[in-house]
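# Geometric and topological summary
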Amino acid sequence: MGVLRFDKDGSVAVAPSRMFKAFVIDSHNLFPKLLPQAFKSIVYEQGYGEVGSIEVVSTSMQSRVDALDRDNLYYKYTVFEEDCISDILELIVFQIGFGVSVVLYFLAFIEMLSCSKIKCTSRIW
């Protein structure tokens, strides 16, 4: 078992608070409208988006909200069940922060179970 870490940052021309609201707070409404092929539905199986909530995306992925800081525009969630990757990944942890300098930071931690090949018939993108 190992951990892979990917860091990505970039700048955007939109206020950090608007990005946070769109991509975190309203994502369950916005993503199915913007990308209906990828996100047929996003519903909360448990909770309403606060810390500890369980979110189900198109019946193929489940994630849990681990941290939500509206003041500092920080969001952390864990994908713990996903049809296409459950053979090789135990979980994926995403940390997203929206900075004052309009820089968007993405951090992803991936915990590996095995090195078998991915065999998935459904495509998200």
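Before reading further, recall that the structure is shown in the block above.
Criteria and cut-off values
Residues numbered from 1 in each chain as written. Predicted model: local features only at pLDDT ≥ 70, side-chain atom pairs only at ≥ 80, totals over all residues. Heavy atoms only, no water. Buried < 20%, exposed > 50% of the residue type's maximum accessible area, 1.4 Å probe, protein only. Helix = DSSP H or I, 4+ residues; strand = E, 2+ residues; numbered from the N terminus. Arc of directions from axis to C-beta. Core = buried A, V, L, I, M, F, W, Y, C linked by side-chain atoms within 4.5 Å.

## Description of helix H1 (residues 16-25)
When we look at burial in H1, the residues that qualify are Pro16, Met19, Phe20 and Val24. Projected down its long axis, H1 shows its buried positions confined to an angular sector of 100°, all on one face.

## A short note on unusual backbone geometry
Residues other than glycine seldom take positive phi values, yet leucine 73 does so here, at roughly 55°. Of note, leucine 73 is situated in the loop between strand S4 (61-69) and strand S5 (74-82).

## Regarding the nonpolar core
One finds Phe20, Phe39, Tyr75 and Phe98 to be the most contacted residues of the largest nonpolar core, which totals 21 residues. At the level of secondary structure, the elements contributing two or more residues to this core comprise H1, S4, S5 and strand S6 (89-98). Looking at which element gives the most residues to this core, the answer is S6, with four residues.

The values reported here are purely geometric and, on their own, carry no functional implication.
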